[in-house]
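Spelled out, the chains give:
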Amino acid sequence: MSQRTARIVLSGFVLIVLGFVSLLYLLHLAGPDSERIKEEFAEQNPGTEVVFATVGEGDFDNAWYHIGYRKNGENEVRVRVILYQRDGMAWRTSANLQSP
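Just so it is clear, the model here is predicted, and its values are computed rather than measured.

A.B. asks: Would you mind going over a nonpolar patch on the surface with me for this structure?
C.D. replies: A contiguous nonpolar surface patch, about 590 Å² in accessible area, is contributed by Leu10, Phe13, Val14, Leu15, Val17 and Leu18. On the basis of relative accessibility, which here comes to 54%, the residue Phe13 falls in the exposed class.

Structure representation (structure tokens):
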């Protein structure tokens, strides 16, 4: 293998590794997992059915989740907005940041 070919192969390998690391980083920045948010909300609010959980506004350290839910026996979908904040490698919420 020539020196030029070796450089091309090495450059390609470095680009693939950087792309993979970037993808993992972006997935981490996307905020907490919506399914986990739904499960936590249902556990903390017995007698509710979670219809959706989507991230609205946010930045690298904050994610405002819009959670749609129904109380048992009701057709009306209510929405609660909860702020999740990055705490190191985890996302956490605080009860005083929840909307009424």
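And the narrative resumes.
A.B. asks: Looking at this model, I keep getting lost on the confidence of the model for the protein chain. Mind explaining?
C.D. replies: Should pLDDT be low for a region, the predicted coordinates there are not to be read in detail. Summary statistics for the protein chain give a mean pLDDT of 79 and a share of 81% for residues scoring 70 or more. Element-level pLDDT for the protein chain is lowest in helix α1 (residues 3-29), with a mean of 71, against a maximum mean of 90 in strand β2 (residues 62-71). Per-residue pLDDT stays below 50 along residues 96-100; that stretch engages in 11 contacts with residues further than four places along the chain or on separate chains.

A.B. asks: Whenever I open this one, the nonpolar core confuses me. Can you help?
C.D. replies: Among soluble globular proteins, nonpolar side chains are generally buried collectively. One finds Ile37, Phe41, Val50, Ala53, Ala63, Tyr65, Ile67, Tyr69, Ile82, Tyr84 and Trp91 forming the largest nonpolar core, which totals 11 residues. Put simply, the parts of the chain that give this core at least two residues each are α2 (34-44), β1 (48-58), β2 and β3 (78-87). For this core, the element with the most residues is β2, which contributes 4 residues. Discounting chain neighbours no more than four positions away, the residues touching Ile67 are Ile37, Phe41, Val50, Phe52, Ala53, Arg78, Val79, Arg80 and Ile82.

Rules behind the numbers
Residues numbered from 1 in each chain as written. Predicted model: local features only at pLDDT ≥ 70, side-chain atom pairs only at ≥ 80, totals over all residues. Heavy atoms only, no water. Patch = residues over 30% accessible without salt bridge, like charges linked within 9 Å, V, L, I, M, F, W, Y side chains within 5 Å. Areas by Shrake-Rupley, 256 points an atom, 1.4 Å probe, with all protein chains shown as cover. Salt bridge = Lys/Arg side-chain N within 4 Å of Asp/Glu carboxyl O. Buried < 20%, exposed > 50% of the residue type's maximum accessible area, 1.4 Å probe, protein only. pLDDT = per-residue confidence, 0-100. Helix = DSSP H or I, 4+ residues; strand = E, 2+ residues; numbered from the N terminus. Contact = heavy atoms within 4.5 Å. Core = buried A, V, L, I, M, F, W, Y, C linked by side-chain atoms within 4.5 Å.

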